[in-house]
Amino acid sequence: MLPNLTINPQRLWDSLMQTAQFGGTAKGGIKRLTLTAEDKQVRDWFVREVEKLGCTVTIDEVGNMFATRPGKNPNLSPIAMGSHLDTQPTGGKFDGNLGVLGALEAMRTLNDMGYETNAPIEIVDWTNEEGSRFAPAMLASGVYAGVFTPEYAYAREDRQGVKFLEALDSIGYKGKDKVGAHKFQAMFELHIEQGPILENEAKVIGVLQGVQGMRWYEVTVSGQDSHTGATPMYLRKDALLGTARVIDRIDAIAKEHAPYAVGSVGLIENRPNSRNVVPGETFFTIDFRHPDDAVLQVMEDKFRAALADILTPMRLSYDEKRIWDSPAVKFDPVLIDCVRKGVEKAGFSNRDMVSGAGHDAAYIARVAPTTMIFVPCAGGISHNEAESTSLDECAAGAQVLLNAVLEYDSRLG
Ligand code: HGY
Ligand code: MN
Ligand code: MN
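All of these numbers come straight from a predicted model, not from anything done at the bench.

So, on to the site of ligand 1. The local shell around ligand 1 consists of Glu129, Glu130, Ala137, Arg289, Ala357, Gly358 and His383. Glutamate 130 places a side-chain nitrogen or oxygen 3.3 Å from an oxygen atom of ligand 1. Measuring from an oxygen atom of ligand 1, one finds a side-chain N or O atom of arginine 289 at 2.7 Å. Burial of ligand 1 by the protein amounts to 95% of the accessible area it has alone, namely 220 Å².

Now the structure itself:
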C-alpha cells in the first residue's frame, strides 16, 4: 500500500517566489534568458537546495543538470522529474519553474518522511528550453535525445552574435558528462498549461497524451533602401511592406486549418529602421503548430508558395529556411496510467489533453518513457509577465507529480 505523502504547499510557493527574484522584473515576471547571469543565479540556488537533500549533482556538456536522490536498489535506473529554469524575456514565474520546483518539493517531502523509494529519484533542469535566446527551443533536451549534436548547439548564436558555447562557459555550467550518458528510466514533467482549456472547464489537472507538431522558419527579405521623400511608390522595393503582406498570409493559413492550427510571427528586424528610409531588408521568424504533421506540411507548402506569390511581383528577393521541425509526440501509456492513479489518489478534477506548447518532454519521449502533468494558469496567459497560477494549483500539480512517481516506483519493487 502506497504511503500518503503530502507535499508542503507553502514551501513550494515560497521557493517559487524566492527564485522569481533571479531575473525578476518590475511587472512581476521573470527575465531569465538561458545561460545568462540570472540563469546562473537560479542554477546555483538549485544546486545548493538539492545538495541539502543529499542529492548528487551531475552536469553534462550542454549544461543539463541532474540531481539524484538514492533509492533502495542502486541497480535501478533513476525515475526523473524534469523541466527548465530559463524563461522568455517577458516570462512569468511558473513556466518551467513549476516543473523543477514542484519536483524539488516532491523530493523534499520524501526526505521529510524518510521515505526510501525502490529506484533513485532525480530532478532534471534542461538547458535552453525556451529557444528565445538560442533557437531552436528544447535545444539541450534535443541534444540529449540525439536530435541535435553538441557541436550544433555550441554554434547557435543569439541575435547579438554570442554563441551558445561562449555563454555556457561564461556561467561555468559546461559539465564533463557526455550528453545522453546519464540515463534514467522514465521522466514526468509538471508544467502550467499555458492555454485556457483547464480553466475554462474548471479542471485542476491535465493528463497529457502528447505534444503537437511544431515547425520554425527564418526569412530574410531583400529590397532596396531608398529615400521616403524622393522615391515614387511605383519604384520602391519595400522589404517591410512585402513582409507585412506575408505576415497577413501566415495568419490566414493558420485560420484555414482551424480549430487546431496556429501560425505566428514573433520576431522581426527591420533594416535600417529609419523613419525616412524605405526599408531595404527585414528578418523575421515563423512558428507553425498542429497536432497532425500532415497538416503542418500543407501549411508549410502554402507558406512557401505565398513568399513567391507576394514578394516576387514586388521585385523583392528572399531567403527562407526551416530551422526546426519537432513532429507530434505521443506519451507513454504506462506513465499516463501512473498519472491517472496519482490524480485519483489526490482526488482532483482532470481531463486528457495534448500540449499546444513545446516542452523538453517532447524530445525526451524519444529516448525514455515520458509524460506530463498540467495545471491551469489564469486566463491561459503565459509567455507574459502577468502569468499567474495559484498556490493551490501549484500544490495540486506537485502532489500529483509525487503520487505518479511513487505509483511508478511501486511497480518496480
Ligand atoms: O515554444 C514553446 O512552445 C516553448 O515554450 N519553448
Ligand atoms: Mn516551458
Ligand atoms: Mn515557455
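After that view, the rundown keeps rolling.
On to the coordination of the manganese ion (ligand 3). On the protein side, the manganese ion (ligand 3) has Asp95 (OD), Glu130 (OE), Glu130 (OE) and His383 (NE2) as donor atoms, found 2.2 to 2.4 Å from it. Donor residues binding the manganese ion (ligand 3) come from one chain and are separated in sequence as D-x34-E-x252-H. For the pair the manganese ion (ligand 3) and the manganese ion (ligand 2), the metal-to-metal distance amounts to 3.5 Å, and aspartate 95 bridges them. In this pair, glutamate 130 is assigned in the loop between strand E4 (121-125) and helix H4 (139-144) and histidine 383 in the loop between strand E16 (370-375) and helix H12 (391-410), connecting sequence segments 253 residues apart.

The manganese ion (ligand 2) binds to the protein through His84 (NE2), Asp95 (OD) and His191 (NE2); the donor distances cover 2.1 to 2.3 Å. Summarised as a motif, the one-chain spacing of the donors to the manganese ion (ligand 2) is H-x10-D-x95-H.

Moving on, we get to helix H1 (residues 9-19). Of all the positions in H1, only Leu12, Ser15, Leu16 and Thr19 are classed as buried. Projected down its long axis, H1 carries its buried residues within an arc of 100 degrees, all on one side. Among the structural elements, helix H2 (37-52), helix H3 (97-112) and H12 are those in contact with the buried residues of H1. For H1, the N-terminal capping position is held by asparagine 8, with its side-chain oxygen 3.2 Å away from the main-chain nitrogen of glutamine 10.

Criteria and thresholds
Counting from 1, residues in each chain are numbered in the order their sequence is written. Each chain is given a letter, starting from A, and each ligand a number, starting from 1, according to the order in which they appear as written. In keeping with the predicted nature of the model, local features appear solely for residues at pLDDT of at least 70, side-chain atom pairs appear and are counted solely at 80 or more, and the whole-chain, interface and lining totals rest on all residues. For the side-chain quantities, the full set of heavy atoms in the structure was used; hydrogens and water were omitted. Whether a residue is near a molecule or strand depends on its heavy atoms: if one lies within 4 Å, it is near. Pairs of N or O atoms are called polar contacts if they sit within 3.5 Å, as long as, within protein, a hydrogen donor faces a hydrogen acceptor (for residues adjacent in sequence, only side-chain-to-side-chain pairs). The Shrake-Rupley method, run with a 1.4 Å probe, gives the accessible areas here. Residue values count only the displayed protein chains as cover. Distances up to 2.8 Å from the metal define which N, O and S atoms are donors, and 3.2 Å serves for Na, K and Ca; water is absent from the atom set, so sites may look incomplete. Numbering of helices and strands starts at the N terminus; helices are DSSP runs of H or I of at least 4 residues and strands are runs of E of at least 2. Throughout, exposure labels follow a simple rule: accessible area from a 1.4 Å probe, protein chains only, divided by the maximum for the residue type, with under 20% read as buried, over 50% as exposed, and the rest as partly exposed. The arc in question is formed by the directions pointing from the helix axis toward the C-beta atoms. The contact criterion used is simple: two residues touch if any of their non-hydrogen atoms lie within 4.5 Å.

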